[in-house]
Amino acid sequence: MSLQIDRSAHMEFSSAGDDHFEQMLKPCGDRVPNALNDPWVKDLSEEDLADLYTDMVVIRRLDTEATALQRQGELALWPPLLGQEASQVGAARAMQKDDFVFPSYRESGVMVLRGVNPTDLMRVWRGSSATSWNPYDMNVASPQIIIGAQTHHAVGYAMGLAMDSVDAAAVSFFGDGATSQGDVNEAMVFAATYHAPAVFFCQNNHWAISEPVGLQSQTHIAERARGFGIPAVRVDGNDVLAVLAVTRRALDQARNGGGPFFIEAVTYRMGPHTTADDPTRYRDQAELAHWKERDPLDRLYRYLEKSGADMEAIQRKAQEAADKIAEVVRKELKETVEPTPRNLFENVYVNEHPRINEQRDHYGAYLEQFGETLDGTQAGA
């Protein structure tokens, strides 16, 4: 007897009930009053909102630039975030300096806004570096490829913050598919049990590679967190204002002894899972068109325009910033000094280790058989 899965039902569920979330900006740009969230964004000026728009334009340009670089052979792979800019910008701008980010592979926007050099990030996807920054310089851990593992790291760090009475929180980012992993569920058990200042930020982009979210969960993902005793909010992930407000609320609770918080940001992955993926093989074009109408950049643009902002000046500033960062990334990436085999042994321990030296010498002897050296040159050159 074989188990049959009705995929059509799951795909229908993937877009069902998406209006059941906290929202502050409608897709048309109209403002939605929200007594709970309004106080958390009342400090934002028109200039602040314009900066959020610029952030999203810059992040989108970096993403499309990285995709183009991969197609040109400059990167080995790239995980696009097209369509998820509001979730990442809103969350990143809600954090304080001492908060620590534990990202998955798709949070390039969060990482860049927290201070990671975008070229350093791309060098990881080029294969030139395992990581290119010191996590403690900007409180951003290396992106985690193992699905959901970063939630354990975040909760452990958050428990340490609580023990040290530090006024900060740890934020882990992951996708809807990760919630089916044991790591994420175990992390929520620990966070709830130890009342850790941890914020779980799930970007529900509707697709775990080629599987719709309805195949992952028969209920809204936020409901899973409540089963662990963790308060949860489902927010419109294409509404940067709502994401900013909800994340500020969550972080405030975590920092002030309220324990963990779970955010399900309902958004959509407009592009492929990675540049090795072809979404046209499993995704209906009508669904894509549905979400294009909810584009996060267009939404904030319409709101600012209706508010009387000088959109020509705002757009010009945003485009100039996007063009500049794309130019710098291309230039710096081409100047990358590729690592040599010797570098593998130099970055294991802080201090010299005899066992590592022995392994280095053995590998050097192995390379010499092929006329190569540990320094990446031809033997005898």
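Everything discussed here concerns the structure shown above.
Residues numbered from 1 in each chain as written. Predicted model: local features only at pLDDT ≥ 70, side-chain atom pairs only at ≥ 80, totals over all residues. Heavy atoms only, no water.

Asker: What's the story with the sheet that holds strand β3 (residues 198-204) in this structure? I'm lost.
Answerer: Backbone-to-backbone hydrogen bonds pair the strands of a sheet. The strands run either parallel or antiparallel. The five strands lie next to each other as β1-β2-β3-β7-β6, forming an open sheet whose pairing is parallel. The open sheet has two edge strands with one neighbour each: β1 (100-102) and β6 (232-236). Here the strands of the sheet are splayed against their neighbours by 20° on average, with no regard to which way each runs. Pairing between β6 and strand β7 (residues 261-266): five bridges, direction parallel. Along β7, the bridge assignment pairs Asp 236 with Val 266. Across the sheet, helix α7 (residues 149-163) touches β1, β2 (170-175) and β3, and the angle it forms with β2 is around 165°. (Pairing = 2+ DSSP bridges. Helix = DSSP H or I, 4+ residues; strand = E, 2+ residues; numbered from the N terminus. Axes fitted to C-alpha atoms, helices over the stretch in contact; angles between N-to-C directions. Contact = heavy atoms within 4.5 Å.)

Asker: How should I be thinking about the side chain of Glu 107 in this particular structure?
Answerer: Secondary-structure assignment places Glu 107 in the loop between β1 and α4 (108-113). Arg 106 provides the closest opposite charge to the buried, salt-bridge-free Glu 107, at an N-O distance of 6.2 Å. Engagement of the side chain of Glu 107 in a polar contact is seen with the side chain of Ser 104, the distance being 2.5 Å. In contact with Glu 107, other than residues within four places in its own chain, are Gln 88, Phe 173 and Gln 203. (Buried < 20%, exposed > 50% of the residue type's maximum accessible area, 1.4 Å probe, protein only. Lys, Arg positive; Asp, Glu negative; His and termini not counted. Salt bridge = Lys/Arg side-chain N within 4 Å of Asp/Glu carboxyl O. Polar contact = N/O pair within 3.5 Å; in protein donor to acceptor, adjacent residues only side chain to side chain.)

Asker: Help me out: how do you make sense of the nonpolar core in this one?
Answerer: Soluble globular proteins tend to bury their nonpolar side chains together. If you look at the biggest cluster of nonpolar residues, it comprises 69 residues, and the most contacted ones within it are Met 122 and Leu 300. For this core, the element with the highest residue contribution is helix α2 (residues 46-71), accounting for 11 residues. For Met 122, the residues in contact, after removing those within four places along its chain, are Leu 62, Ala 66, Leu 69, Leu 75, Trp 78, Val 329 and Leu 333. (Core = buried A, V, L, I, M, F, W, Y, C linked by side-chain atoms within 4.5 Å.)

Asker: Teacher, can you tell me more about the packing of helix α5 (residues 118-126) against helix α14 (residues 311-334) here?
Answerer: Relative orientation and spacing of two packed helices are given, respectively, by the angle between their axes and the distance between those axes. Axis separation between α5 and α14 bottoms out at 9 Å; the angle between their running directions is 50°. Relative to α14, the element α5 lies oblique. When the axes of α5 and α14 are compared, the crossing they make is right-handed. Each of Pro 118, Thr 119, Met 122, Arg 123 and Arg 126 in α5 lies in contact with α14, whose residues at this interface are Ile 325, Val 328, Val 329, Glu 332 and Leu 333. Across the contact of α5 with α14, the residue classes break down as six nonpolar, one polar and three charged. (Parallel < 35°, antiparallel > 145°, perpendicular 65-115°, else oblique. Left-handed = near helix turned anticlockwise from the far one by under 90°. Nonpolar A, V, L, I, M, F, W, Y, C, P; charged D, E, K, R; others polar.)

Asker: Help me understand the side chain of Gln 88, please; the structure alone is not making it clear to me.
Answerer: Mapped onto the secondary structure, Gln 88 falls in helix α3 (residues 85-94). Of the residues examined, Gln 88 reaches a relative accessible area of 0% and is grouped as buried. If we skip the residues at most four places from it in the chain, Gln 88 touches Leu 81, Arg 106, Glu 107, Ser 108, Gly 109, Val 110, Leu 113 and Gln 203.

Asker: How do you make sense of the pairing of β2 when you look at a structure like this?
Answerer: Consecutive residues of a regular strand have side chains that alternate between opposite faces of the sheet. Most of β2 sits inside the fold, with five of its six residues counted as buried. Bridge analysis of β1 against β2 gives three bridges, and the strand direction is parallel. From the neighbouring strand, Phe 102 faces β2, where its bridge partner is Ser 172. Looking at chain direction, β2 and β3 are connected through six bridges and run parallel. When the sheet's bridge partners are listed, Gly 175 is paired in β3 with Gln 203. In this fold, β2 hands off to helix α8 (residues 182-193), which returns the chain to β3; that crossover is right-handed. (Right-handed = clockwise from strand over helix to strand, strands pointing away.)

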